[in-house]
Amino acid sequence: GENVGLHLPTLSVQEGDNSIINCAYSNSASDYFIWYKQESGKGPQFIIDIRSNMDKRQGQRVTVLLNKTVKHLSLQIAATQPGDSAVYFCAENIYGNQFYFGTGTSLTVIP
Amino acid sequence: DAGVTQSPTHLIKTRGQQVTLRCSPKSGHDTVSWYQQALGQGPQFIFQYYEEEERQRGNFPDRFSGHQFPNYSSELNVNALLLGDSALYLCASSPRDRGNTEAFFGQGTRLTVV
C-alpha cells in the first residue's frame, strides 16, 4: 500500500477548462480513497472520497473515478478556476488504518 | 464547528532539543493520527491514537512519541531533534465508528531545527 503514486507531477490548464489528475495505487486491498487539496503553507483539505465498492462519485465541480481492475484513481475538476491551483494528493486506506500518500500533482490554472 | 486545530503554527528548535506539538480533533472525532510532511513530499504516517493508546505506528524511531487525552486531543513529542526532523507536522482526526473515513487535517505545525 505504500506505492501510491501520480502519473504527472505537474499540470497546467486554462481557466474554465476541465482538469484531470491521475493516481495509481499498488495495493489491491485498499478499500477507501480520499483526494486532498493542499495550498502552500496549509494542511491538506478534504475534497472528495470514494469507497472501493463504488466506481464513481460526484461532488460540487469534482468527480472521482475508481478503476479497481487497473488500480487507478482520477480526480476531475470541472470549469477549473484560479483558486483550484494547488497540490493534489490521493490517499489510500486499508481497513481504517493509516493513509498512504503519493508525492502529489501540482495544478496551475492559467487565467 | 471547529475543525482540527494544531498549535503552535511555527516553531524553531535547536538540534538535540525536545519539542511538543498539540492537536485538537474535529468535533465528533475520536481518533487522531500524526503525519510528517517533508518539503515537496506527501505526508508520511507517524502513528495513530485511539482510546488514549497508540494503535498503529509508521516507520519512525522511538524519539517520536505521543499521547492522547480523555478529551481526544493529542500531543506529539520528538526528543533529541535532528536537522532532518524539520518538516510540516500534520494532525488528522477521524471517527472510529465510521472506519476512520473522512479524515480531516489541521493546518500543521512547521518545525524548523537549526
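Whatever comes next refers back to the structure up there.
Since the model is a prediction, treat every value here as computed from it, not as a measurement.

Undergrad: Quick question: what am I supposed to make of the overall build of chain B here?
TA: In terms of helices and strands, chain B carries 0 helices and 11 strands. In chain B, the succession of helices and strands from N to C terminus is β-β-β-β-β-β-β-β-β-β-β. Taking 114 residues into account, the globule formula puts the C-alpha radius of gyration at 13 Å, and chain B, at 13 Å, falls close to it. Based on the C-alpha atoms only, the size of chain B along its principal axes is roughly 40 × 25 × 25 Å. By the burial criterion, 49% of the 114 residues in chain B qualify as buried. Pairs at least 24 residues apart make up 53% of the contacts formed inside chain B by residues separated by at least 6 positions. In chain B, which carries 10 positive and 11 negative side-chain charges, the distance between the mean positions of the two groups comes to 9 Å.

Undergrad: Which parts of the structure should I look at to understand the pattern of salt bridges?
TA: Two side chains of opposite charge can pair, provided their charged atoms sit close to one another. Residues and elements named next belong to chain B. Inspection of the entire model under this criterion finds 8 salt bridges over all chains. Here E75 makes a salt bridge to R22, at a shortest N to O gap of 3.4 Å. Here E75 is found in strand β8 (residues 74–78), whereas its partner R22 is found in strand β3 (residues 19–24), with 53 residues between them in sequence. The class of R22 is partly exposed, set by a relative accessible area of 41%. Salt bridges here are not isolated pairs; linked through shared partners, they connect E51, E53 and R55.

Undergrad: What should I look at first to understand the sheet that holds strand β7 (residues 72–77) of chain A in this one?
TA: In a beta sheet, neighbouring strands are held together by backbone hydrogen bonds and run either parallel or antiparallel to one another. Residue and element names in this part refer to chain A. Spatial ordering of the open sheet is given by β2-β7-β6-β5, a layout of 4 strands whose pairing is antiparallel. This sheet does not close on itself; its edge strands, each paired only once, are β2 (19–24) and β5 (56–58). Here the average twist between neighbouring strands, direction ignored, is 15°. As defined by bridge partners, β5 adjoins strand β6 (residues 62–67) across 3 bridges and the pair is classed as antiparallel. Across the sheet, the residue bridging to K56 is L65, located in β6.

Undergrad: Sorry, what's going on with the packing of aromatic side chains here?
TA: To describe a pair of aromatic rings, one takes the distance between the centres and the angle between the planes. Under the defined criterion, the tally for this structure stands at 14 aromatic pairs over all chains. The interplanar angle of 25° and the centroid separation of 5.0 Å between the aromatic rings of F46 of chain A and F104 of chain B together place this pair among those described as stacked. With F46 of chain A in strand β4 (residues 45–51) and F104 of chain B in strand β10 (residues 104–105), the pair connects residues from two separate chains. Through a chain of ring-to-ring contacts, three or more aromatic side chains come together here, namely Y36, F46, F89 and F101 of chain A together with Y35, F45, F104 and F105 of chain B. Just above the ring of F104 of chain B sits the side chain of K26 of chain B; from NZ or CZ to the centre is 5.4 Å. The aromatic ring of Y50 of chain B is capped on one face by R96 of chain B, whose charged end is 4.8 Å from the ring centroid.

What counts, and at which threshold
Residues numbered from 1 in each chain as written. Chains lettered and ligands numbered in written order. Predicted model: local features only at pLDDT ≥ 70, side-chain atom pairs only at ≥ 80, totals over all residues. Heavy atoms only, no water. Helix = DSSP H or I, 4+ residues; strand = E, 2+ residues; numbered from the N terminus. Rg over C-alpha atoms; globule rule 2.2 N^0.38 Å. Buried < 20%, exposed > 50% of the residue type's maximum accessible area, 1.4 Å probe, protein only. Contact = heavy atoms within 4.5 Å. Lys, Arg positive; Asp, Glu negative; His and termini not counted. Charge placed at Lys NZ, Arg CZ, Asp CG, Glu CD. Salt bridge = Lys/Arg side-chain N within 4 Å of Asp/Glu carboxyl O. Pairing = 2+ DSSP bridges. Axes fitted to C-alpha atoms, helices over the stretch in contact; angles between N-to-C directions. Phe/Tyr/Trp six-rings, centres within 6.5 Å; stacked < 30°, edge-to-face > 60°. Lys NZ or Arg CZ within 6 Å of the ring centre and 35° of its normal.

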